[in-house]
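Structure assessment
Take a look at the letters that make up each chain.
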Amino acid sequence: MDVVVSACLLGRRCRYDGGSKPSAAVCTLAEKVRVCPICPEVAGGLPTPRPPAERVGEEVLLSDGTSVTEAYRVGAQRSLEQLRRSHATLAVLKAKSPSCGIGYIYDGTHSGTLVQGDGVFAGMLKGEGVCMVSEEVVESCRPSVEHPVAIVLGTGLGHLRSLVHPVRRIDYHDIDGFPVDARPIPGHSFEATIGTVDEVPVVVYPGRIHLYQGYSASEVCALVRHAHRLGCRDIIFACATGAIPGNAHTGLGILTDHINLTGVNPLVGDASQRGLETPYVDMSEAYSPYLRTLARGVADDLGIAVEEGVYAGVVGPSSETPAEVRMLAGMGVSYVGMSTVCEVIAARALNMNVLGLTMAANYAGEGSVSHEGVLEGARQNADSFERLVRGILRLL
Ligand code: SF4
């Protein structure tokens with residue numbers, strides 16, 4: 001996987017003050033991928049050290065009002081060409097910088113005040129199809145003993161827990177809000193394992209409950225709240241689905257987004273119960289673009305066939321009618337399943353970084369699929385699924 005990185009985050013002394021801003025999380029990631037370091041300001045011919053500059057509208061100005069806009073533009077253009085040559089799919093850029101900042105930058109008053117906007121290079125990158133994140137995103141996704149990665153496994157995918165070097169096991173029935181009478185369906189287990197996979201701290205939940213079993217949206221999300229209480233910031237949801245003909249094939253998929261067709265939402269009443277000021281949760285990037293890009297990179301590097309697409313969550317347990325499948329296809333849906341959407345909403349409400357993976361065992365609408373059929377599909381993809389998850393954990 002090729003990644004463009006702001007050179008100052010890697011410890012290069014290229015900042016205006018002659019120093020660097022190394023990020024431990026970014027340096028760790030850089031050891032595991034092919035890195036293309038860029039510094040648009042140096043690429044633009046500016047010396048190091050140099051006077052600090054900030055963006056004011058389309059201009060980049062020094063504090064005395066001198067314009068350095070052209071040097072910033074030339075440097076950004078040269079760095080963009082470097083990125084294109086590298087074939088990078090991910091750019092990790094220094095936050096707030098007038099060149100590399102994404103989403104918010106210093107406001108031009110040289111007072112430390114931030115304003116919405118992009119640095120000159122980051123602005124040029126938009127439309128290049130490259131995932132852009134600041135070092136803050138990489139740092140927030142980095143696992144540790146205090147912040148293990150939660151992995152919730154669906155039908156037939158629970159074998160992944162055998163990879164865990166266990167430290168502690170937790171019966172689901174001891175988890176707050178998990179229904180005491182719930183029993184696992186075949187292919188699920190109700191015992192969470194805290195431990196490590198390849199030395200990455202994880203909490204693996206090898207089974208879940210569903211709305212179609214009669215449980216509420218809140219009960220379905222008990223594992224998410226538990227993972228959050230344990231300190232998990234990243235949560236990987238893996239689910240079995242049906243592929244929508246024409247939009248996806250059977251096999252493994254990365255979820256890019258979802259449509260909640262269950263008619264319920266786990267956040268109804270949640271804000272008032274928890275004393276939150278607002279019930280509203282931003283779902284514009286519910287499935288972390290950064291984690292999705294890492295997953296894509298791992299799949300490509302390892303030669304694992306993985307598609308990407310939108311997931312539609314339905315209640316079930318009946319399968320989709322041909323008319324429903326046509327509707328889903330028209331809505332741009334690639335995968336349909338009976339889980340995940342409520343859990344993802346709950347995870348986003350808790351500000352967790354979400355990655356959604358799926359194993360499509362059959363085509364939706366093409367006859368009934370048995371539970372055993374789903375298990376068989378999972379068995380056929382077990383090796384690829386395991387390599388994909390391990391590869392993602394390695395990069396975090
Ligand atoms: Fe760092 Fe980017 Fe500034 Fe260079 S231009 S010092 S890489 S933030």
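Computed from a predicted structure; not experimentally measured.

The subject of this paragraph is the overall build of the chain. From N to C terminus, the chain includes 12 helices and 17 strands. For the chain, whose C-alpha radius of gyration is 23 Å, the value lies close to the compact-globule estimate of 21 Å for 396 residues. Taking all 396 residues of the chain together, the buried fraction comes to 52%. Intrachain contacts of the chain at a sequence separation of at least 6 include 76% that bridge at least 24 residues. Side-chain charges in the chain split into 33 positive and 43 negative, and the spacing between the mean points of these groups amounts to 5 Å.

The element helix α11 (residues 341–349) is largely enclosed, with a buried count of 8 among its 9 residues. Burial in α11 covers these residues: Val341, Cys342, Glu343, Val344, Ile345, Ala346, Ala347 and Arg348.

With that settled, the discussion passes to the environment of Val315. Mapped onto the fold, Val315 is located in the loop between β15 (306–313) and α10 (322–330). Here Val315 falls in the partly exposed class, since its relative accessible area comes to 29%. Each C-alpha atom of the pair Val315 and Met338 lies 5.4 Å from the other, and the pair is 23 residues apart in sequence. Setting aside anything within four residues of it in sequence, one finds Val315 in contact with Leu211, Tyr212, Thr262 and Met338.

Attention now goes to the domain arrangement of the chain. For the chain, the assigned domains read domain 1 (2–140) and domain 2 (143–395). Just the C-alpha atoms count here: the centres of domain 1 and domain 2 sit 35 Å apart. Between domain 1 and domain 2, the contact holds 12 residues from the first and 10 residues from the second. Of the roughly 890 Å² buried between domain 1 and domain 2, counting both surfaces, carbon and sulfur atoms make up 57%. The largest contributions to the domain 1 side of the interface with domain 2 come from Lys32, Cys131 and Ser140, which together make up 47% of the buried area. Linking domain 1 with domain 2 are 1 salt bridge, by the criterion used here. In this structure, Asp301 engages Arg34 in a salt bridge whose closest nitrogen and oxygen atoms are separated by 3.7 Å. Put simply, domain 1 and domain 2 have 4 residue pairs in polar contact (both at pLDDT 80 or more) between them. For the side of domain 1 that touches domain 2, the element with the most residues is helix α5 (residues 135–141), which contributes 4 residues. The class makeup of the residues in the side of domain 1 that touches domain 2 is 7 nonpolar, 2 polar and 3 charged.

Criteria and thresholds
Residues numbered from 1 in each chain as written. Predicted model: local features only at pLDDT ≥ 70, side-chain atom pairs only at ≥ 80, totals over all residues. Heavy atoms only, no water. Helix = DSSP H or I, 4+ residues; strand = E, 2+ residues; numbered from the N terminus. Rg over C-alpha atoms; globule rule 2.2 N^0.38 Å. Buried < 20%, exposed > 50% of the residue type's maximum accessible area, 1.4 Å probe, protein only. Contact = heavy atoms within 4.5 Å. Lys, Arg positive; Asp, Glu negative; His and termini not counted. Charge placed at Lys NZ, Arg CZ, Asp CG, Glu CD. Domains from an automatic or database assignment. Buried area = accessible area lost by both parts, 1.4 Å probe. Salt bridge = Lys/Arg side-chain N within 4 Å of Asp/Glu carboxyl O. Polar contact = N/O pair within 3.5 Å; in protein donor to acceptor, adjacent residues only side chain to side chain. Nonpolar A, V, L, I, M, F, W, Y, C, P; charged D, E, K, R; others polar.

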